[in-house]
Amino acid sequence: MTENTKTPLVEIENVEMRFGGGGGFLSSPQPVVKALNDVSLTIEKGDAFCLVGESGCGKSTLARTVIGLNPPSAGQIKYNGNRIDNLNSRDRQPFTKKMQMIFQNPYASLNPRMTVYQTLEEPLKIHYPAMSRAEIRSKVEEVMLSVGNDPTWGERYPHEFSGGQRQRISIARALMLDPEFIVADEPISALDVSIQAQVLNVMMDAQKERNLTYLFITHDLSVVEHFGSRVAVMYLGRVCELSHTNDLFKTPRHPYTQALLSAIPKIDGSGVNPVKMSGEVPTAMDLPSGCVFHTRCPYAKERCSREIPALQDNGDTKTACFAVEEGRV
Amino acid sequence: MALLDVKDLEVEFPLGRKTLKALHGISFSLNKGERIGIVGESGAGKSVAAFSILNLLSKPGRISAGEVIFENQDISKLNRDQMRHIRGNRISMIFQDPMMTLNPVLTIGTQMTECLKAHRAISKEEARQISISKLRDVMIPSPENRMDSYPHELSGGMRQRVVIAIALLTDPSIIVADEPTTALDVTIQAEIMALMLELCANNNVGLILITHDLAVVSQVTERIIVMYAGRIVEEGQTQDVITNPKHPYTRGLIKALPQENSPGARLNQIRGSMPALDAIPAGCSFNPRCDFADEQCHKDIPQLTGPKTHTAACIHIDRIPAFQSTGGLT
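All of these numbers come straight from a predicted model, not from anything done at the bench.

### Quick word on the pattern of salt bridges
Residues and elements named next belong to chain A.
For step 1, the next point in the chain: One pass over the full model with this rule turns up 33 salt bridges over all chains.
For step 2, the next point in the chain: In this structure, the salt-bridge partner of Glu 13 is Lys 78, at a minimum N-O distance of 3.6 Å. Taken as a pair, Glu 13 in strand β1 (residues 10-20) and Lys 78 in strand β4 (residues 74-79) lie far apart in primary sequence, 65 residues in all.
For step 3, the next point in the chain: With relative accessibility at 25%, the residue Glu 13 sits in the partly exposed group.

### Side note on the packing of aromatic side chains
Residues and elements named next belong to chain A.
For step 1, the next point in the chain: Scanning all chains against the criterion turns up 12 aromatic pairs over all chains.
For step 2, the next point in the chain: Measuring from centroid to centroid gives 6.3 Å for Tyr 79 and Phe 181, while their planes differ by 55°, and the two rings are tilted. On the criterion of sequence distance, the pair formed by Tyr 79 in strand β4 and Phe 181 in strand β7 (residues 181-185) is long-range, its members being 102 residues apart.
For step 3, the next point in the chain: Owing to a relative accessible area of 1%, Tyr 79 belongs among the buried residues under this scheme.
For step 4, the next point in the chain: Residue Phe 181 is classed as buried on the basis of its relative accessible area, which comes to 0%.
For step 5, the next point in the chain: Judged by centre distance (4.7 Å) and plane angle (45°), the rings of Trp 153 and Phe 161 are tilted.
For step 6, the next point in the chain: Accessibility expressed as a relative area gives 5% for Phe 161, which makes it buried.
For step 7, the next point in the chain: The positively charged end of Arg 137 is found above the aromatic ring belonging to Tyr 117, 4.5 Å away from the centroid.
For step 8, the next point in the chain: The aromatic ring of Phe 322 is capped on one face by Arg 303, whose charged end is 3.8 Å from the ring centroid.

### Describing the nonpolar core
For step 1, the next point in the chain: Judged by nonpolar contacts, the single largest core of 95 residues is most densely connected at B:Phe28 and B:Ile208.
For step 2, the next point in the chain: Residue contributions to this core peak at 8 residues, all from helix α7 (residues 156-168) of chain B.
For step 3, the next point in the chain: Beyond its immediate chain neighbours, meaning those up to four positions away, B:Phe28 contacts B:Leu4, B:Asp5, B:Val6, B:Ile36, B:Ile38, B:Ile53, B:Ile208, B:Ile225, B:Ile232 and B:Glu235.
For step 4, the next point in the chain: In this structure, A:Met176, A:Leu177, A:Met204 and A:Tyr256 belong to the second largest nonpolar core, which totals 66 residues.

### Examining the pairing of strand β6 (residues 91-94) of chain B
Residue and element names in this part refer to chain B.
For step 1, the next point in the chain: Residues Ile 91 and Met 93 of β6 are buried on one face, and the alternating residues Ser 92 and Ile 94, pointing to the opposite face, are buried as well.
For step 2, the next point in the chain: Here 4 bridges tie β6 to strand β7 (residues 174-178), and the two strands are oriented parallel to one another. Residue pairing for β7: Met 93 is matched across the bridge by Val 176.

### As for helix α4 (residues 133-146) of chain A
Residues and elements named next belong to chain A.
For step 1, the next point in the chain: For α4, built from 14 residues, the straight-helix expectation of 20 Å at 1.5 Å per residue is met to within 8% by its first-to-last C-alpha distance of 20 Å.
For step 2, the next point in the chain: Taken together, the buried positions of α4 are Ile 136, Lys 139, Val 140, Val 143 and Met 144. Buried residues of α4, viewed axially, fall in a sector of 130°; they line one side. Projecting away from the buried face of α4 at angles above 90 degrees are the exposed residues Ala 134 and Leu 145.
For step 3, the next point in the chain: Against the buried residues of α4 lie α3 (116-127), α5 (163-175) and α6 (193-210).
For step 4, the next point in the chain: Directly after α4, the chain includes Gly 148, whose backbone phi takes a positive value near 80°.

### Describing helix α5 (residues 124-137) of chain B
Side chains three or four residues apart in an α-helix point the same way, a direct result of the helix having 3.6 residues per turn.
All names here are of chain B.
For step 1, the next point in the chain: With 14 residues, α5 extends 20 Å between its outermost C-alpha atoms, agreeing within 8% with the 20 Å of an ideal straight helix rising 1.5 Å per residue.
For step 2, the next point in the chain: Taken together, the buried positions of α5 are occupied by Ala 127, Ser 131, Ile 132, Lys 134 and Leu 135. Down the axis of α5, the smallest arc covering the buried residues is 165°, so these residues share one side.

### What to know about the interface of chain B and chain A
Note: interface size is frequently given as the accessible area lost on complex formation between the parts.
For step 1, the next point in the chain: Contacts between chain B and chain A engage 45 residues on the former and 32 residues on the latter.
For step 2, the next point in the chain: Summing both partners gives a buried area of about 3400 Å² for chain B against chain A, and 57% of it is carried by carbon and sulfur.
For step 3, the next point in the chain: The tally of links from chain B across to chain A stands at 1 salt bridge.
For step 4, the next point in the chain: Note that A:Asp205 is salt-bridged to B:Arg266, the shortest N-O span being 2.1 Å.
For step 5, the next point in the chain: One can count 13 residue pairs in polar contact (both at pLDDT 80 or more) joining chain B with chain A.
For step 6, the next point in the chain: Put simply, the parts of the chain that give the side of chain B that touches chain A at least two residues each are α8 (186-203), α9 (214-220), α10 (238-243) and α11 (248-255) of chain B.
For step 7, the next point in the chain: Here the side of chain B that touches chain A gets 9 residues from one element, more than from any other, and that element is α8(B).

Calculation notes
Residues numbered from 1 in each chain as written. Chains lettered and ligands numbered in written order. Predicted model: local features only at pLDDT ≥ 70, side-chain atom pairs only at ≥ 80, totals over all residues. Heavy atoms only, no water. Salt bridge = Lys/Arg side-chain N within 4 Å of Asp/Glu carboxyl O. Helix = DSSP H or I, 4+ residues; strand = E, 2+ residues; numbered from the N terminus. Buried < 20%, exposed > 50% of the residue type's maximum accessible area, 1.4 Å probe, protein only. Phe/Tyr/Trp six-rings, centres within 6.5 Å; stacked < 30°, edge-to-face > 60°. Lys NZ or Arg CZ within 6 Å of the ring centre and 35° of its normal. Core = buried A, V, L, I, M, F, W, Y, C linked by side-chain atoms within 4.5 Å. Contact = heavy atoms within 4.5 Å. Pairing = 2+ DSSP bridges. Expected span 1.5 Å × (residues − 1). Arc of directions from axis to C-beta. Buried area = accessible area lost by both parts, 1.4 Å probe. Polar contact = N/O pair within 3.5 Å; in protein donor to acceptor, adjacent residues only side chain to side chain.

Written out as structure tokens, the structure is:
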């Protein structure tokens, strides 16, 4: 079952995530934040799967849930067909070796007191305690070279490097264990434009050379268009559109996707004319009834505030929208 | 006569025995009601340029040479009290993070009326009425009620609208906006940019927009200034600079955008990174990253050349082949 090519690499099934709650006896009850609501996605081998959405839509929470940094409140996560969300840390080890994460801010994600070499050898020491020093050294050098870093940087500390160099060091750290699956949470948002291109190139090269699968989280849709093979658009903890990248950018179906695409600043002099959305993003503490987007949607009808739309096949894409189902968009 | 005329402005930061130069003599002007964008990556000196116009450089930074002529006087030589009549009154500023700009323990109304009363002799009630009308201008729903809100009660987009309303309170002739939408989501960014464009055009306010985002600049401004390592490397009409960039750095920036590359292909990247202030290379400061650099570039500092509407600082400007857009630009 495990090495069947038909099995998707990662399956996310009906995942829910709740934060807060509790209190009541001696303290006042705390509000519950519904960060993820019934999210189901499958990521195939070789995908560059992108999650897009605005701040607070739950994209980072989903990434952290997949990688195991916070266990889901409900639902399952499967890796290669094996359920992994309920494993204890020892049983999880064979999987953590194959799943790595790259974080947004390379100034915060590297330990300032460890040299680059110490940072990179640590995962090897944990997962391959029998490895000799020489083997570790050659592995570190190989990976450093593959991300375009000078292997002689090993004795230096993170503060000696620029943002782009640091991000390449964190990519190197993620590649140390030859993972199959990498979760990258906004890996280029903290970087300058010319450096973004460098880091994206390193990530695309690594994908080709190592046959990696990415879960790539970003709010920058032009990066998605360039990098992604499939995209899920999230809004308030729900997936509202799931599609191949080309299809999504050619014909966005969901009203929210349309608004999001119209807001991307373009350099071709087309000016600013975003689709007007009324109101503000509601908070995840107090979700609207029915479709979470209905408070801002130009196509919303009475039904949208009553029922929750399911993600339905719609040609090549999947959308969760009654207006699309009824052919009103 | 331009409204604002910056001439050969130099800024330096004395650090112990060393002195770091953040601006190496930049000159530009802004006409009444004109919108210009200053673009560049971190460390290019764009924020320092904006702060020095307003005399807001933090110590030990100082203007070591040059002039900032605003309404026929050199405001870089004014003392604190004199500057106070200009800053926040004739020239307003909008910063990147609205939560850091607004005072968290004062209501929106208090902050707005306080600002008005500092600059004008008017009654509390008049100040309140002006504040409400400015909040209405930036399209804040039910402005009367919002006057009594605290900043934390508003969303990021709403806060930035309040900051814009405060910037507009005294009907300034220039607004300097330093990365005003960088901390915001794309949909909010688009709304705020559309709003700023409209307000500046309607009130004939000059705008200096500082950003790293070429796409945002291309949407909002009429003229672009590209900065690199404390110098202006290219300046021109927005459309000219975007569709026909002359300087290799500007070209690199545009070509590195994902929308300028075919999906899935390797992106055109500029090798290396912006030099630190204490390690700016001799000659053209872009030479270590430039494909066209030769010996001359390591010796001579290029000056801005070309027709007045579109200048660039590159020695080899005639040798560089015509710019070919690969994608999004049509």
